[in-house]
Amino acid sequence: MSDKPRLNVGLVGYAFMGKAHSEGWRTAPVFFDLPYRVGLTAVCGRDGVRAAQAASQFGWASWETDWRALIARDDVDLIDICTPGDSHAEIAIAALAAGKHVLCEKPLANTVAEAEAMAEAAAEAAKRGVYAMVGFTNRRVPAIALARRMIEAGRLGAIRQVRAAYQQDWLVDPGVPLAWRLQKDRAGSGALGDIGAHIVDLAQFLVGDDLTAVSGTVETFIASRPLQAGGGGLAGTAGEGFGEVTVDDAAWFLGRFGSGAMASFEATRYATGRKNALSIEVSGSEGALIWNLEELNVLHFYDNRLPAVEAGFARILATEADTPYYAAWWPAGHTIGWEHGFTHQVLDLVTAIAAGVQPRPSFTDGLQVQRVLDAVERSSAASTAWVQV
Ligand code: SOE
């Protein structure tokens, strides 16, 4: 029998992210030697029938219909928040106050004020050995972790530019119903926070520097949509009547890092034909890196130190034994998937908790992203954003 201490988890939310996080909690103990025996104690959702079904399907030992009851359980040590952004602050702050570690999906919150309160609560809790992390899982793709290691080792030299785009097309059809991601009171913003948050965090993580200024614009292409019948994922089924879209459909913005490096960002749900195309390119004085989530095992590297006649973007298959995270999976070339980032997220979170160190990205990292998103919205609202030709 293992002499490892237990770490019992309570999951709030069982839709797309609840399903992905459940996979992470189930597989991390199988593929990594965790410092805890992880227990999938309970999944929580307002609909008891669906919560019971999620418990059975995703492997949770019990279920709750009130997150307050979940937090009150003494057989739960960590609360994993996979709900829409309008409940992140309330649940996370209550869980931390109750001495529970917290993993919270991105973006951290719907407003800077909420994110500040969460970061403050997390800083206080950390003094008590209770830790919080925000779920930017793209940091934990082996190719991205390798890219970060290469940049830290100076392989790109001085970073000058970052180009990042997160392009999806699930809203091109005006018949797609008004899901919670399209309502400001639920989601805080649209493409800007939902997928723009990913590229802001990834750019800052890879460069190792914070954005200090932005200039941008947001746009809503379809102002009203059919109301959604029932619950369910990204695009549900249309119900009766129409409702107003109260968030952005797309966001474009420029950014400047503290180091002076420049960046361009595009987050859109109207890039027809693009399904989940997060692409990022980092350009430095000595080289460049390109990565795309739709080919997530591959990293393209240009070594500017080579003679020009020999130089070109090398296609690195990030599946070697000493590629971050990869040794736990398969021999070189067998590749892994998008869901493995959630397994690596569990590994890094529980490893940090056991070591008594702050997991990254922290709520303070999440607050920085929230400040960038807010600055983009303020820039877009300013009348000087566009100059007539
Ligand atoms: C929808 O745009 C979505 O599910 C995001 O909410 C996730 O964060 C992203 O990983 C995939 O796309």
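Data block above holds the structure.
The structure presented is a predicted model; accordingly, all values stated were derived computationally and were not measured. (Residues numbered from 1 in each chain as written. Predicted model: local features only at pLDDT ≥ 70, side-chain atom pairs only at ≥ 80, totals over all residues. Heavy atoms only, no water.)

## Focus on the pattern of salt bridges
Under the convention used in this document: Each salt bridge in this description consists of a side-chain nitrogen of Lys or Arg and a carboxyl oxygen of Asp or Glu lying within 4 Å of one another. Each helix is a run of DSSP H or I of at least 4 residues and each strand a run of E of at least 2, with the numbering of both proceeding from the N terminus. Each residue gets one of three labels from its accessible area relative to the maximum for its type: buried under 20%, exposed over 50%, partly exposed in between, using a 1.4 Å probe on protein chains only.
In the structure shown here, the tally under the stated rule is 22 salt bridges. Between Asp-86 and Arg-186 there is a salt bridge, with its nearest N and O atoms 2.9 Å apart. Of the two residues, Asp-86 sits in the loop between strand S4 (78-81) and helix H4 (88-97) while Arg-186 sits in helix H7 (residues 184-187), which places them 100 residues apart along the sequence. Among the residues examined, Asp-86 registers a relative accessible area of 33% and is labelled partly exposed. Of the charged contacts in the structure, one is a salt bridge between Asp-374 and Arg-378, with a shortest N-O distance of 2.8 Å. With Asp-374 and Arg-378 both in helix H11 (residues 363-381) and four residues apart, the pair spans about one turn of that helix. Take Asp-374: its relative accessible area is 28%, and that puts it in the partly exposed class. A relative accessible area of 54% places Arg-378 in the exposed class. Taken together, the shared-partner salt bridges connect Lys-106, Arg-181, Asp-194 and Arg-269 into one network.

## What about the packing of aromatic side chains?
Any pair of aromatic rings gets described here by the distance separating the centres and the angle formed by the planes. Operational definition: The pairing test for Phe, Tyr and Trp rings, Trp by its six-membered ring, is centres within 6.5 Å, and the orientation test on the planes gives stacked under 30 degrees, edge-to-face over 60, and tilted for anything in between.
Under the counting rule described, the total for this entry stands at nine aromatic pairs. Here the aromatic rings of Trp-338 and Phe-342 are separated by 4.8 Å at their centres, their planes lie at 65°, and the arrangement is edge-to-face. With a relative accessible area of 29%, Trp-338 lands in the partly exposed category. Among the aromatic residues, those joined into a ring-pair cluster are Phe-31, Phe-32, Trp-329 and Trp-330.

## Brief notes about the nonpolar core
Test applied: Take the buried residues of types Ala, Val, Leu, Ile, Met, Phe, Trp, Tyr and Cys, join any two whose side-chain atoms come within 4.5 Å, and each joined set is a nonpolar core. Where each domain begins and ends follows an automated or database-derived domain assignment. Contact criterion: two residues are considered in contact whenever any of their non-hydrogen atoms come within 4.5 Å of each other.
Core analysis: the largest hydrophobic core is formed by 78 residues, its most contacted members being Ile-79, Leu-96, Val-102, Phe-253, Trp-291 and Phe-363. The dominant element in this core, judged by the number of residues it contributes, is helix H9 (residues 196-207), at eight residues. Each of domain 1 (6-137) and domain 2 (139-359 + 368-388) accounts for three or more of the residues forming this core. Apart from residues no more than four positions distant in its own chain, Leu-96 is found in contact with Val-102, Ala-121, Ala-122, Ala-125, Arg-128, Val-130, Tyr-131, Ala-132 and Phe-363. One finds Leu-7, Tyr-36, Tyr-131 and Val-350 within the second-largest nonpolar core, a separate group that totals 35 residues.

## Structural notes on the packing of helix H1 (residues 16-31) against helix H10 (residues 340-355)
Cut-off, in case you're wondering: A fitted line through C-alpha atoms serves as each axis, taken over the contacting stretch for helices, and the angle formed by two N-to-C directions is quoted from 0 to 180°. Here the word oblique covers every angle except those under 35 degrees (roughly parallel), over 145 (roughly antiparallel) and from 65 to 115 (roughly perpendicular). Left-handed describes a crossing whose near helix is turned anticlockwise from the far helix through less than a right angle; right-handed describes the clockwise counterpart. Throughout, the ten residues Ala, Val, Leu, Ile, Met, Phe, Trp, Tyr, Cys and Pro are labelled nonpolar, Asp, Glu, Lys and Arg are labelled charged, and all others, Gly among them, are labelled polar.
Where H1 meets H10, the closest approach of the two axes is 7 Å, and the angle between their N-to-C directions is 60°. One element, H1, and the other, H10, form an angle in the oblique class. For the pair H1 and H10, the crossing hand works out as right-handed. Along the contact surface, H1 presents Met-17, Ala-20, His-21, Glu-23, Gly-24, Trp-25, Thr-27 and Ala-28, while H10 presents Phe-342, Thr-343, Gln-345, Val-346, Leu-347, Leu-349 and Val-350. Taken together, the residues that form the contact of H1 with H10 break down as nine nonpolar, five polar and one charged.

## Thoughts on the site of the ligand
Formally: One heavy atom within 4 Å of a molecule or strand is enough for the residue carrying it to be called near that molecule or strand. We call two N or O atoms a polar contact when they sit within 3.5 Å, provided that within protein one can donate a hydrogen and the other can accept it, with sequence-adjacent residues counted only if both atoms are side-chain atoms. Areas reported as accessible are Shrake-Rupley estimates using a 1.4 Å probe. Residue values count occlusion only from the protein chains shown.
Close to the ligand lie 12 residues; Lys-106, Gln-168, Arg-181, Asp-194 and His-198 are nearest. Residue Gln-168 places a side-chain N or O atom 2.9 Å away from an oxygen atom belonging to the ligand. In isolation the ligand has 300 Å² of accessible area, and contact with the protein removes 95% of it. Across the shell around the ligand, the residue classes tally to six nonpolar, three polar and three charged.

## So, the side chain of Asp-303
Note that Asp-303 resides in strand S15 (residues 298-303). Reaching out from Asp-303, the side chain makes a polar contact with the backbone nitrogen of Arg-305 at a distance of 2.8 Å. Ignoring sequence-local partners within four residues, the contact set of Asp-303 consists of Arg-155, Glu-286 and Ala-311.

## Focus: empty space enclosed by the protein
Picture a little ball the size of a water molecule; that probe, rolled over the atoms, points out where space is still empty. Note the threshold: A pocket, in this scheme, is an open set of points on a 1 Å grid over the protein atoms alone with protein on both sides within 12 Å along at least 5 of 7 lines, while a cavity is a set where a 1.4 Å probe fits but cannot get out; residues line either one if an atom lies within 4 Å of a point. Grid points are joined across faces, edges and corners, and a volume is the space filled by probe spheres set on the points.
Tallying each qualifying case throughout the model produces one cavity of 30 Å³ or more. In this model, the largest cavity occupies a volume close to 50 Å³. Lining the largest cavity are Ile-144, Ala-147, Ile-151, Leu-206, Ile-280, Glu-281, Val-282, Leu-289, Ile-290, Trp-291 and Leu-299. Every element with two or more residues in the lining of the largest cavity is listed here: helix H6 (142-152), strand S13 (277-284) and strand S14 (287-292).

## Focus on the layout of surface pockets
What the second largest pocket holds in volume is close to 240 Å³. Of all the secondary-structure elements, those providing two or more residues to the lining of the second largest pocket are H9 and H11. For the lining of the second largest pocket, the element with the most residues is H11, which contributes six residues. For the lining of the second largest pocket, the residue count by class is three nonpolar, four polar and eight charged.

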